Amino acid sequence: MSGESASAIQRSQVDLVDFIDWSGVECLNQSTSHSLPNALKQGYRDDDGLNLESDADEQLLIYLPFTQVIKLHSIVIKGPEEEGPKTLKLYSNKEHMGFGNVNDFPPSDTAVLSPDNLQGKPVVLKYVKFQNVRSLTIFIEDNQSGSDITKVQKIGLLGTTVETTDMKGLKKIEDHQH
Amino acid sequence: MVLEATMICIDNSEWMRNGDYAPSRFQAQSDAVNLICGAKTQSNPENTVGVLTMAGKGVRVLVTPTSDLGKILACMHGLEIGGEMNLAAGIQVAQLALKHRQNKKQQQRIIVFAGSPIKHEKKLLEMIGKKLKKNSVALDIVNFGEEDEGKTEKLEALLAAVNNNDTSHIVHVPSGPSALSDVLISTPIFTGDGEGGSGFAAAAAAAAAGGLSGFEFGVDPNLDPELALALRVSMEEERARQEAAAKKAAEEAAKQEKGEGEPSGTQEATMTERANGATPEADNKTSDLTDDENALLQQALAMSMDDPAPSHELRDADMSDATTDDPELALALQLSVQDSTKDSSSQSDMSKLLADQSFVSSILASLPGVDPNDQSVKDLLASMQSQTEPQQKDDDKEPKEEEEKQ
């Protein structure tokens, strides 16, 4: 199964960071000096010194809209051993959630991260639940050690786009092109 | 000009009956609320403001965040004073109201007026503050009224829990001669973190402090720009008209003498006035040729009219030096003068007059502003005199002229 998913990644998955609609990206409870782009944007996220950190407590709520519909296959979360995230809840196509209503709907998927995952091993998700994703909300509920601050070094999303199956490169695909 | 949704929490508890803030604490609070609403909506037209009361029977939302200032002001009427303030519940309801704002792009802000003693524990307030910070809601606290021990401490603790990068503020307003609103105007609550509403705030401050005397015409340009502009324009027009009248008198004298000594400066000034739409500075006419359009029309008419061909030199000799080159103006003046010399303004008479080159030249001579040696003037006169057709053409042209006149 893991072999299959590994080959699936090689075969068809694309790093979806290029399809993120940056104008609508939100992150609640992030610390101002250590904010979401540190974990998401190319260049920053590969630097392990730059983290996304939580502020008032250990939870984080990240909202990522996409420029087009995607299918999400797996995610990569890298973080330090102690303060890295543990329980992840993913909600597909729910806009503007707050900490108050995260418990109101069941998540599309839940992931508990192991230390392997924190090293960069992708977490395979229930693909069937993420077939038609316009926006993704990631709720980081707690961290590995239970400390007050959660740190995330990298968030990567692997999947495919729906509109087109153009696998050539990571070029952003404009609307209405073939 | 930050896009913001604001909820204002009003304290309408029994403690607000006190008169240590003139006229009463509640009134002072209302004025402050009105000012804040105005400032917020002015700094960004898409800003929304909502109001809720914290005391009385319970926390009650009077108006959900809206950009309609009238609605907000209306809901402030008929508020009753009574009960005890429930700060925690008030803030939480405000947070809920902001969560359901229509435009999710707006920043969330709560402004709390804390006038009565606070019965909550510091811990509870800190937890509330943390929750606000987690949901990126900014909080402004106006501490006035009761000076209870521990109240200030609790509010400061609340602020510390909420504050994220100095977006939240607390203001302590002691009772005194200056009104609550005046004190608030200079605070970051009004000025929106240093930018944005400062224009409104500055104007409001000036109006409040020095009365309206600071402003021209007694009208605040910020509050009523159209009125201020209208007043200014009419003042200028009046000045222009008065100058024109003065020039007219001076020119009349000059014209009657047919002298050439009129200072060209005067003529230029009058011409400028004319450009402003004031009545032309030509002398005692009853003519209706008072603007450039008519002048241009007359020029067109003149060009289509026929003239016998007198000598150019006569005209040249007669005309005086001038510094302007406005042939249309000259023409208009000529025609206006001609009109006044006869009672009717019939076209045929005028054309006949125009045809009379000597008359034209004498008129031109009396105009200090016209340079006969100027090429454009010469061209104009040449065009007039180039017509060699018989006068009957005038009659044909008359109906056309009538049309043009209209």
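The preceding data block contains the structure.
Please read all numbers here as calculations on a predicted model, not as lab measurements.

## Some words on the overall build of chain B
And then number 1: From N to C terminus, chain B includes 17 helices and six strands.
And then number 2: By residue count, 47% of the 406 residues in chain B fall in the buried class.
And then number 3: The contacts of chain B with a sequence gap of at least 6 include a subset with a gap of at least 24, amounting to 74%.

## Quick look at helix H4 (residues 122-134) of chain B
And then number 1: In a regular helix each residue adds 1.5 Å, so 13 residues correspond to 18 Å; H4(B) covers 18 Å between its end C-alpha atoms and thus fits that length.
And then number 2: Those residues of H4(B) that sit buried are Leu125(B), Ile128(B), Gly129(B), Leu132(B), Lys133(B) and Lys134(B).
And then number 3: Taken together, the buried residues of H4(B) touch strand E2 (26-28) of chain A together with helix H3 (87-99), strand E4 (107-114), strand E5 (137-143) and helix H5 (151-162) of chain B.
And then number 4: Trailing H4(B) by a residue or two, Ser136(B) shows a phi angle of about 50 degrees, which is positive.

## Topic: H3(B)
And then number 1: Between its terminal C-alpha atoms H3(B) stretches 18 Å, which fits the 18 Å expected from 13 residues at 1.5 Å a residue.
And then number 2: Among the residues of H3(B), Leu87(B), Ala88(B), Gly90(B), Ile91(B), Ala94(B), Gln95(B), Ala97(B) and Leu98(B) are the ones counted as buried.

## Concerning the side chain of Lys134(B)
And then number 1: One can find Lys134(B) in helix H4.
And then number 2: A polar contact of 2.9 Å, which involves the side chain of Lys134(B), links it to the side chain of Gln59(A).
And then number 3: Sequence-distant contacts of Lys134(B), defined by excluding residues within four places in its chain, comprise Leu28(A), Asn29(A), Asp57(A), Gln59(A) and Phe99(A).

## Some words on the packing of aromatic side chains
And then number 1: Evaluated as defined, the whole model comprises three aromatic pairs over all chains.
And then number 2: A ring pair is formed by Phe99(A) and Phe139(A), whose centres lie 6.2 Å apart and whose planes are at 65 degrees; its orientation type is edge-to-face. Here Phe99(A), found in the loop between strand E5 (85-92) and strand E6 (109-112), pairs with Phe139(A), found in strand E8 (residues 133-143); they are 40 residues apart in sequence, far enough to count as distant. Considered together, Phe99(A) and Phe139(A) belong to a single accessibility category, that of buried residues.
And then number 3: Both rings, one in Tyr21(B) and one in Phe144(B), keep their centres 5.7 Å apart while their planes meet at 85 degrees; by these two values the pair is edge-to-face. One end of the pair, Tyr21(B), is in the loop between strand E1 (4-10) and helix H1 (25-43); the other, Phe144(B), is in the loop between E5 and H5, and 123 residues separate them in sequence.
And then number 4: Here Tyr21(B) falls in the buried class, since its relative accessible area comes to 3%.
And then number 5: An aromatic cluster is defined as three or more aromatic residues linked by ring pairs; in this entry it consists of Tyr21(B), Phe113(B) and Phe144(B).
And then number 6: We note Lys41(A) situated over the ring of Trp22(A); from NZ or CZ to the ring centre the distance is 4.8 Å.

## Here we look at the interface of chain B and chain A
And then number 1: At the interface, 10 residues of chain B touch 12 residues of chain A.
And then number 2: A salt bridge links Lys133(B) to Asp55(A); its shortest N-O distance comes to 3.8 Å.
And then number 3: Our count for the chain B to chain A interface comes out at three residue pairs in polar contact (both at pLDDT 80 or more).
And then number 4: Counting residues per element, the side of chain B that touches chain A draws most heavily on H4(B), which supplies three residues.

## Overview of the side chain of Arg101(B)
And then number 1: Position of Arg101(B) among the secondary structure elements: in the loop between H3 and E4.
And then number 2: The buried charged residue Arg101(B) lacks any salt bridge, with Glu26(A) as its nearest oppositely charged partner at 6.1 Å.
And then number 3: In this structure the side chain of Arg101(B) is engaged in a polar contact, spanning 3.1 Å, whose partner is the backbone oxygen of Gln106(B).
And then number 4: If sequence neighbours within four positions are ignored, Arg101(B) has contacts with Ala5(B), Gln106(B) and Gln108(B).

## Structural notes on unusual backbone geometry
Residues and elements named next belong to chain B.
And then number 1: The omega angle of the peptide bond from Ala22 to Pro23 is -15 degrees, so this bond is cis rather than trans.
And then number 2: When you line up the elements, Pro23 lands in the loop between E1 and H1.
And then number 3: Phi is positive for Ser136, which is not a glycine, with a value near 50 degrees.
And then number 4: Mapped onto the elements, Ser136 comes out in the loop between H4 and E5.
And then number 5: The phi dihedral of Asn165 falls on the positive side, at around 65 degrees, and the residue is not glycine.

## Some points on the packing of H4(B) against H5(B)
All names here are of chain B.
And then number 1: At their nearest, the axes of H4 and H5 sit 7 Å apart, and the two run at 25 degrees to each other. Here H5 runs roughly parallel to H4, going by the angle between their axes. Like other packed secondary-structure pairs, H4 and H5 cross with a definite hand, here right-handed. Touching Lys122, Leu125, Glu126, Gly129, Lys130, Leu132 and Lys133 of H4 are Glu153, Lys154, Ala157, Leu158, Ala161 and Val162, all from H5.
And then number 2: Each residue belonging to the contact of H4 with H5 can be placed in one class, and the counts come to six nonpolar, one polar and six charged.

## Points about the pairing of E8(A)
All names here are of chain A.
And then number 1: In terms of burial, E8 is a largely internal element, eight of the 11 residues being buried.
And then number 2: Judged from the seven bridges that link them, E5 and E8 form a sheet pairing that is antiparallel. If you follow Ser92 over to E8, its bridge partner there is Leu136.

## Some points on the pattern of salt bridges
And then number 1: Within this structure, the stated rule accounts for 14 salt bridges over all chains.
And then number 2: The partner of Asp57(A) in a salt bridge is Lys134(B), and the shortest N-O contact between them spans 2.8 Å. With Asp57(A) in the loop between strand E3 (52-53) and strand E4 (60-78) and Lys134(B) in helix H4, this pair bridges two chains. A single burial state applies to Asp57(A) and to Lys134(B), both of which are buried.

How each quantity is defined
Residues numbered from 1 in each chain as written. Chains lettered and ligands numbered in written order. Predicted model: local features only at pLDDT ≥ 70, side-chain atom pairs only at ≥ 80, totals over all residues. Heavy atoms only, no water. Helix = DSSP H or I, 4+ residues; strand = E, 2+ residues; numbered from the N terminus. Buried < 20%, exposed > 50% of the residue type's maximum accessible area, 1.4 Å probe, protein only. Contact = heavy atoms within 4.5 Å. Expected span 1.5 Å × (residues − 1). Polar contact = N/O pair within 3.5 Å; in protein donor to acceptor, adjacent residues only side chain to side chain. Phe/Tyr/Trp six-rings, centres within 6.5 Å; stacked < 30°, edge-to-face > 60°. Lys NZ or Arg CZ within 6 Å of the ring centre and 35° of its normal. Salt bridge = Lys/Arg side-chain N within 4 Å of Asp/Glu carboxyl O. Lys, Arg positive; Asp, Glu negative; His and termini not counted. Axes fitted to C-alpha atoms, helices over the stretch in contact; angles between N-to-C directions. Parallel < 35°, antiparallel > 145°, perpendicular 65-115°, else oblique. Left-handed = near helix turned anticlockwise from the far one by under 90°. Nonpolar A, V, L, I, M, F, W, Y, C, P; charged D, E, K, R; others polar. Pairing = 2+ DSSP bridges.

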